[in-house]
Amino acid sequence: AQRVTQPEKLLSVFKGAPVELKCNYSYSGSPELFWYVQYSRQRLQLLLRHISRESIKGFTADLNKGETSFHLKKPFAQEEDSAMYYCFHALIKAAGNKLTFGGGTRVLVKP
Amino acid sequence: NAGVTQTPKFQVLKTGQSMTLQCAQDMNHNSMYWYRQDPGMGLRLIYYSASEGTTDKGEVPNGYNVSRLNKREFSLRLESAAPSQTSVYFCASRVSGTAEETQYFGPGTRLLVL
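Draft legend 1. The overall build of chain B, seen in detail. Helix and strand counts for chain B come out as 0 helices and 11 strands. Along the chain direction, N to C, the helices and strands of chain B fall in the order β-β-β-β-β-β-β-β-β-β-β. The C-alpha radius of gyration of chain B comes to 13 Å, within 12% of the 13 Å expected for a compact globule of 114 residues. Each principal axis of the C-alpha atoms in chain B carries an extent, and together these give about 35 × 25 × 25 Å. Buried positions account for 48% of the 114 residues belonging to chain B. Residue pairs at least 24 apart in sequence account for 55% of intrachain contacts in chain B once pairs closer than 6 positions are excluded. Taking the 11 positively charged and 9 negatively charged side chains of chain B as two groups, their mean positions are separated by 8 Å.

Given below as structure tokens:
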């Protein structure tokens, strides 16, 4: 079965410090991976997709197939980055969809 | 465009009561999804509808039923609510159901079962 693991439930960092959110997945094929973010009192929204290879709000995520990881990084955290972050894996097949979220990591950026 | 809307925003039920959570999207998306969000467990897929006229079970379908009423609407029904179904429920949609497509989420329905 597919699994997405986010080992840290809470990350607390100071403003301006680097932040890295870990995500590991279990899938032997080519994964479709995403990071979603949920700010306080807002709905979940896409942060970035691995297929786009883009940087959003200073965040980047690199797919490492050897380590089956898709860690999210930002070199200088800002207070507005405080939110809940979810790693997500999508597998769409004719036999059925497997859509799997990690357990989430709450990021708290202190002033 | 309103995007994905959900009603109600909050509901309290007694054990054994039934209710239907409504979801609608105005983005002409083909695929729609229902998730539940529980602390420490992320979001888990309950049911999904890859296209109008089809529905399939997700990871945690027990105790729920769904109806894809038309392309816009996808409802989730609890026939006999249990305290274990206390959760926040999110509806989502995506364009075509291919893996690389982004999901768009509704604001959530907070359900408390006493």
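That covers the picture; the talk isn't over yet.
Draft legend 2. Representation of the interface of chain A and chain B in the model. Taken together, the 19 residues of chain A in the interface contact 22 residues of chain B. Summed over both partners, the interface of chain A with chain B comes to about 1800 Å²; 56% of that surface belongs to carbon and sulfur atoms. The three residues of chain A that bury the most area against chain B are Arg43(A), Leu99(A) and Phe101(A), which together make up 31% of that side's buried surface. Counting across the chain A and chain B interface gives 0 salt bridges. For the interface between chain A and chain B, the tally reads 6 residue pairs in polar contact (both at pLDDT 80 or more). Of all the secondary-structure elements, those providing two or more residues to the side of chain A that touches chain B are β5 (32–38), β6 (45–49), β9 (83–93) and β10 (96–101) of chain A. Classifying every residue of the side of chain A that touches chain B by side-chain character gives 11 nonpolar, 5 polar and 3 charged.

Draft legend 3. Just the pattern of salt bridges, in detail. Counted by the stated rule, this structure contains 7 salt bridges over all chains. A salt bridge links Glu20(A) to Lys73(A); the shortest N-O distance between them is 3.9 Å. Linking Glu20(A) in strand β3 (residues 19–21) with Lys73(A) in strand β8 (residues 69–74), this pair joins segments that are 53 residues apart in sequence. On the basis of relative accessible area, Glu20(A) is assigned to the partly exposed category, the value being 30%. A relative accessible area of 39% places Lys73(A) in the partly exposed class. Here Arg77(B) ties to Glu79(B) by a salt bridge, and the two come within 3.1 Å at their closest N and O atoms. Taking relative accessible area as the criterion, Arg77(B) reaches 29% and is therefore assigned partly exposed.

Draft legend 4. Local environment of the side chain of Arg36(B). All names here are of chain B. Within the secondary structure, Arg-36 sits in strand β4 (residues 31–38). A distance of 3.0 Å separates polar atoms of two side chains, one belonging to Arg-36 and the other to Tyr-64. Polar contacts involving the side chain of Arg-36 include one to the main-chain carbonyl oxygen of Ser-84, which spans 2.8 Å. Dropping the residues within four chain positions of it, Arg-36 is found in contact with Gly-42, Leu-43, Arg-44, Ile-46, Val-60, Tyr-64, Ser-84, Gln-85, Thr-86, Ser-87, Val-88 and Tyr-89.

Draft legend 5. The nonpolar core, seen in detail. Leu21(A), Trp35(A), Leu47(A), Leu48(A), Leu72(A) and Tyr85(A) are the most contacted members of the largest nonpolar core, which has 23 residues in total. Listed by contribution, the elements that provide at least two residues to this core are β2 (10–14), β3, β5, β6, β8, β9 and β11 (105–110) of chain A. Counting 20 residues, the second largest nonpolar core, distinct from the first, contains Leu13(B), Cys23(B), Ala81(B) and Cys91(B).

What counts, and at which threshold
- Residues numbered from 1 in each chain as written.
- Chains lettered and ligands numbered in written order.
- Predicted model: local features only at pLDDT ≥ 70, side-chain atom pairs only at ≥ 80, totals over all residues.
- Heavy atoms only, no water.
- Helix = DSSP H or I, 4+ residues; strand = E, 2+ residues; numbered from the N terminus.
- Rg over C-alpha atoms; globule rule 2.2 N^0.38 Å.
- Buried < 20%, exposed > 50% of the residue type's maximum accessible area, 1.4 Å probe, protein only.
- Contact = heavy atoms within 4.5 Å.
- Lys, Arg positive; Asp, Glu negative; His and termini not counted.
- Charge placed at Lys NZ, Arg CZ, Asp CG, Glu CD.
- Buried area = accessible area lost by both parts, 1.4 Å probe.
- Salt bridge = Lys/Arg side-chain N within 4 Å of Asp/Glu carboxyl O.
- Polar contact = N/O pair within 3.5 Å; in protein donor to acceptor, adjacent residues only side chain to side chain.
- Nonpolar A, V, L, I, M, F, W, Y, C, P; charged D, E, K, R; others polar.
- Core = buried A, V, L, I, M, F, W, Y, C linked by side-chain atoms within 4.5 Å.

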